[in-house]
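Structural description and commentary
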Amino acid sequence: MKPDNAGGHNAMAPEDTPELRQLYADFESLHIMPLWTQTGSLMPQHPAPQAVPHVWKWSKLYPAAKRSGDLVPVGRGGERRALGLANPGLGGRAYVSPTLWAAIQYLGPKETAPEHRHAQNAFRFVVEGEGVWTVVSGDPVRMSRGDFLLTPGWNFHGHQNVTDKPMAWIDGLDIPFSYQNDVGFFEFGPEKLSDETTPEFSRGERLWCHPGLRPLSGLQATISSPIGAYRWEHTDRALAEQLRLEDEGYPGVFEPGHAAVRYVNPTTGGDVMPTIRAQFHRLRAGAQSAPRREVGSSVFQVFEGRGAVVLNGETHKLDVGDLFVVPSWVQWSLQAETQFDLFHFSDAPIMERLNFDRVQVG
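Counting secondary structure elements, the protein chain contains seven helices and 22 strands. Its C-alpha atoms give the protein chain a radius of gyration of 23 Å, near enough to 21 Å, the size a compact globule of 362 residues would have. Over its C-alpha atoms, taken along the principal directions, the protein chain stretches across nearly 75 × 55 × 45 Å. Relative to its full complement of 362 residues, the protein chain shows a buried share of 48%. When contacts within the protein chain are restricted to residue pairs at least 6 apart in sequence, those whose partners lie at least 24 apart make up 75%. Surface exposure of the protein chain reaches about 17900 Å², of which carbon and sulfur atoms provide 55%.

This brings us to the packing of aromatic side chains. Applying the stated rule across the entire model yields 23 aromatic pairs. Taking 5.5 Å as the distance between ring centres and 40° as the angle between the ring planes, the aromatic pair formed by Phe 148 and Phe 343 counts as tilted. Of this pair, Phe 148 sits in strand E8 (residues 148-151) while Phe 343 sits in strand E21 (residues 340-346), placing them 195 residues apart in sequence. In this structure, Phe 148 and Phe 343 share a single accessibility class: buried. Taken together, the aromatic side chains of Phe 123, Phe 125, Phe 148, Tyr 230, Trp 232, Tyr 263, Phe 280, Phe 303, Phe 343 and Phe 345 make up a single cluster linked through ring pairs. The ring of Phe 201 carries Arg 142 above its face, with NZ or CZ at 5.4 Å from the centroid.

Strand order in this open sheet of six strands is E1-E19-E16-E21-E14-E13, and the pairing throughout is antiparallel. Each edge of the open sheet is held by one strand with a lone partner, namely strand E1 (54-56) and strand E13 (258-262). Mean inter-strand twist for the sheet, computed between neighbouring axes without regard to direction, equals 20°. Here strand E14 (residues 277-283) runs beside E21; their pairing, made up of seven bridges, is antiparallel. By the bridge assignment for E21, Arg 282 is matched with Asp 341. Contacting E13, E14, strand E16 (298-304) and E21, helix H6 (residues 232-247) crosses the sheet at an angle of about 140° to E13.

What follows covers the nonpolar core. Grouped together as the largest cluster of nonpolar side chains are 37 residues, with contacts concentrated most on Phe 123, Phe 148, Phe 280 and Phe 343. Dropping the residues within four chain positions of it, Phe 280 is found in contact with Phe 125, Trp 232, Thr 235, Leu 239, Ala 259, Ala 260, Val 261, Tyr 263, Phe 303, Asp 341, Leu 342 and Phe 343. Counting 16 residues, the second-largest nonpolar core is a separate cluster that includes Val 330, Trp 332, Leu 334 and Phe 340.

Each regular strand shows side chains that alternate between the opposite faces of the sheet. For strand E17 (residues 307-311), the buried fraction is high: five of the five residues fall into the buried class. Both faces of E17 are covered, namely the face carrying Gly 307, Val 309 and Leu 311 and the face carrying Ala 308 and Val 310. Note that E17 and strand E18 (residues 314-318) share five bridges and pair antiparallel. Bridge pairing in E18 places Gly 307 opposite Leu 318. What sits between E17 and E18 in their antiparallel hairpin is a turn of two residues, with Asn 312 showing a positive phi close to 50°. In this structure, E17 lies alongside strand E20 (residues 332-336), joined through five bridges in antiparallel fashion. From the neighbouring strand, Val 310 faces E20, where its bridge partner is Ser 333.

Tracing the backbone through its elements, the reader meets Phe 324 in strand E19 (residues 323-326). Among residues more than four places away in sequence, those in contact with Phe 324 are His 54, Val 55, Trp 56, Ser 298, Val 299, Phe 300, Val 309, Leu 311, Leu 318, Leu 334 and Leu 342.

Next up on the list: the sheet that holds strand E11 (residues 186-188). The antiparallel open sheet is built from five strands, whose spatial order is E7-E6-E9-E4-E11. For this open sheet the edge positions go to strand E7 (139-143) and E11, each flanked by a neighbour on one side alone. Sheet twist, expressed as the average angle between the axes of neighbouring strands with direction ignored, equals 25°. Note that strand E4 (residues 112-118) and E11 share three bridges and pair antiparallel. Its bridge partner lying in E11, His 118 is registered against Phe 186.

Here we take up H6. Between its terminal C-alpha atoms H6 stretches 23 Å, which fits the 22 Å expected from 16 residues at 1.5 Å a residue. Those residues of H6 lying buried are Trp 232, Thr 235, Leu 239, Ala 240, Gln 242 and Leu 243. One face of H6 carries all of its buried residues, which in axial projection span an arc of 150°. On its buried face, H6 sits against strand E12 (229-230), E13, E14, E16 and E21.

Right, let's get into the side chain of Glu 205. Relative to the assigned elements, Glu 205 resides in helix H5 (residues 203-208). Here Glu 205 falls in the buried class, since its relative accessible area comes to 5%. Beyond its immediate sequence surroundings of up to four residues, Glu 205 is in contact with Val 141, His 210, Ala 229 and Arg 231.

Reading the values: rules and limits
Residues numbered from 1 in each chain as written. Predicted model: local features only at pLDDT ≥ 70, side-chain atom pairs only at ≥ 80, totals over all residues. Heavy atoms only, no water. Helix = DSSP H or I, 4+ residues; strand = E, 2+ residues; numbered from the N terminus. Rg over C-alpha atoms; globule rule 2.2 N^0.38 Å. Buried < 20%, exposed > 50% of the residue type's maximum accessible area, 1.4 Å probe, protein only. Contact = heavy atoms within 4.5 Å. Areas by Shrake-Rupley, 256 points an atom, 1.4 Å probe, with all protein chains shown as cover. Phe/Tyr/Trp six-rings, centres within 6.5 Å; stacked < 30°, edge-to-face > 60°. Lys NZ or Arg CZ within 6 Å of the ring centre and 35° of its normal. Pairing = 2+ DSSP bridges. Axes fitted to C-alpha atoms, helices over the stretch in contact; angles between N-to-C directions. Core = buried A, V, L, I, M, F, W, Y, C linked by side-chain atoms within 4.5 Å. Expected span 1.5 Å × (residues − 1). Arc of directions from axis to C-beta.

Set out below in structure tokens:
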């Protein structure tokens, strides 16, 4: 049993004697681990994540997803043709961070992914393509480019592609957090979708997506947002108007040249789901964001434009579709070559609710 002194000088380090070695051997037989040998790893001076910053290139991800579409059928058992992004620092687990899961899901022409439900919260974000409807608790929701779509925990959901072309998107879930805390449940649903219609707008959107208006039938706060799809046209307009206000000399942007919005639950004004925060960023060509560190982890996907992310001082060039992960307390900033649009999700609701959140800017 070797002391871990990563946190600094260990004043409690005793003299190495046969008696001490016997004591440590007895500890191991009793499944005891003394704190003084582990302080550096259990209580570091600042977060020291095992997860590492990493970039996945869409130009390599999409062909891999397409090949899996040619070789691996979708159906009961495997359920989804989803390629989980495995952080290189997490020992081969399909986790993008210790709390978050991100994957590329690929659905071929005329394919249907059967319904199931699970305790984990999930969302989809579409970087390209259309023609798939996801059915969430019996409500068919169109999936189109730039849309952010919710599947809160324990809602039955399945997907159907009604076109002759494949479609891919990213999935985000709280699988690692759920797994670590033993809260996961899973249940198969019907193989046939509960509603195979393809409406332009879901029933949830028709009820809830009217600016500044709330139905009197929905005055009770809900844990997750009742909106199934946050449409790109609204996100795009909100970001564009922030930058127009900046042009006119009025406040509204997050930082100079940097517009940003957060997707919210209209019943509470808070995050769309209890474990996941989702936001969208737009930087003007040539703009840079301030360097930031945050407790908790984040994942970004480039939706439009070219630019770079600086992760702990290392610059990574980015193009449309590329994804990157920012582990806890890793410094990051964005640099825009052209107008630069990025989708962003994180575990911030967990950190804030447990009072672990901390942010350092600059």
